[in-house]
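Here is how the chains run, residue by residue.
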Amino acid sequence: MIILKKYNNEDIIKKLYKKHFNKNLIINDNIIYNLFDKKNIVGYVIYKIKNSDIYLDWIYAPNYGKIFMERLERKFKKEKYSNIMLNLSIDPTENIDTVMKRINFYISLQYKVYDIKFRKKYGPLLYLKKKL
């Protein structure tokens, strides 16, 4: 059974965050939700709320991305938020297949590019949005 639950100080998320960002998790105004498959954490998301929009800062859910995003979208829609916003980086040092898979993943979920920032060092940054 797959369920979405609000972060409750789980050590596994702290360890994953440390691995991903090489720094300790600080909550501040971030909201964190975990995705559980039975009793195992299989993903987490970090986001902020600004006005009536959700800004996703980080999503991690290997092999559970689609179901995680669908559950989040249902939750946000039920709570009457207007849009989900996220940034998609295209790092020129990344494997092209990995980048294409990530881009196509968000396209398949009906996210649209609304702006692009061209960065010399890190490659383009796509700003994506989905109306709920």
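Quick note: structure is the one above.
Residues numbered from 1 in each chain as written. Predicted model: local features only at pLDDT ≥ 70, side-chain atom pairs only at ≥ 80, totals over all residues. Heavy atoms only, no water.

Undergrad: Explain helix H2 (residues 65–78) to me, please; I cannot follow it from the model alone.
TA: Residue pairs three or four apart in sequence face the same way in an α-helix, which turns once every 3.6 residues. With 14 residues, H2 extends 20 Å between its outermost C-alpha atoms, agreeing within 8% with the 20 Å of an ideal straight helix rising 1.5 Å per residue. If you check which residues of H2 are buried, you get Gly65, Phe68, Met69, Leu72, Glu73, Lys75 and Phe76. Down the axis of H2, the sector holding all buried residues measures 165 degrees, keeping them to one side. Exposed and facing more than 90 degrees away from the buried side of H2 are Arg74, Lys77 and Lys78. Looking one or two residues past H2, Lys80 carries a phi angle of roughly 70 degrees, positive in sign. (Helix = DSSP H or I, 4+ residues; strand = E, 2+ residues; numbered from the N terminus. Expected span 1.5 Å × (residues − 1). Buried < 20%, exposed > 50% of the residue type's maximum accessible area, 1.4 Å probe, protein only. Arc of directions from axis to C-beta.)

Undergrad: Could you clarify how one ought to interpret the pattern of salt bridges in this entry?
TA: Note on pairing: side chains with opposite charge can pair once their charged atoms come close. One pass over the full model with this rule turns up 4 salt bridges. The partner of Lys130 in a salt bridge is Glu73, and the shortest N-O contact between them spans 2.8 Å. Of this pair, Lys130 sits in strand S7 (residues 125–131) while Glu73 sits in helix H2, and the two are 57 residues apart along the sequence. Two residues, Lys75 and Glu79, come together in a salt bridge whose shortest N-O distance is 2.7 Å. On the accessibility criterion, Lys75 (14% relative accessible area) is buried. (Salt bridge = Lys/Arg side-chain N within 4 Å of Asp/Glu carboxyl O.)

Undergrad: Even after reading the chapter, I still don't get a nonpolar patch on the surface, so can you show me in this structure?
TA: Together, Val113, Ile116 and Phe118 make up an exposed nonpolar region whose accessible area comes to about 320 Å². Looking at the element boundaries, Phe118 is found in the loop between strand S6 (112–117) and S7. For Phe118, a relative accessible area of 69% gives the class exposed. (Patch = residues over 30% accessible without salt bridge, like charges linked within 9 Å, V, L, I, M, F, W, Y side chains within 5 Å. Areas by Shrake-Rupley, 256 points an atom, 1.4 Å probe, with all protein chains shown as cover.)

Undergrad: It is not clear to me how the sheet that holds strand S5 (residues 83–89) should be interpreted in this structure. Could you clarify?
TA: Strand pairing in a sheet is mediated by backbone hydrogen bonds. Such pairs are either parallel or antiparallel. Reading across from one edge, S1-S2-S3-S4-S5-S7-S6 is the order of the 7 strands in this open sheet, with mixed pairing throughout. At either end of the open sheet lies a strand with only one pairing partner, and these are strand S1 (2–6) and S6. Between one strand axis and the next, the sheet turns through 30 degrees on average, direction left out of account. Taken together, the 7 bridges between strand S3 (residues 40–50) and strand S4 (residues 53–60) define a ladder with antiparallel strand orientation. Bridging from a neighbouring strand, Lys50 pairs with Asp53 of S4. Lying over the sheet, H2 contacts S1, strand S2 (31–37), S3, S4, S5 and S7, oriented at roughly 55 degrees with respect to S1. (Pairing = 2+ DSSP bridges. Axes fitted to C-alpha atoms, helices over the stretch in contact; angles between N-to-C directions. Contact = heavy atoms within 4.5 Å.)

Shape descriptors only; they carry no functional weight alone.
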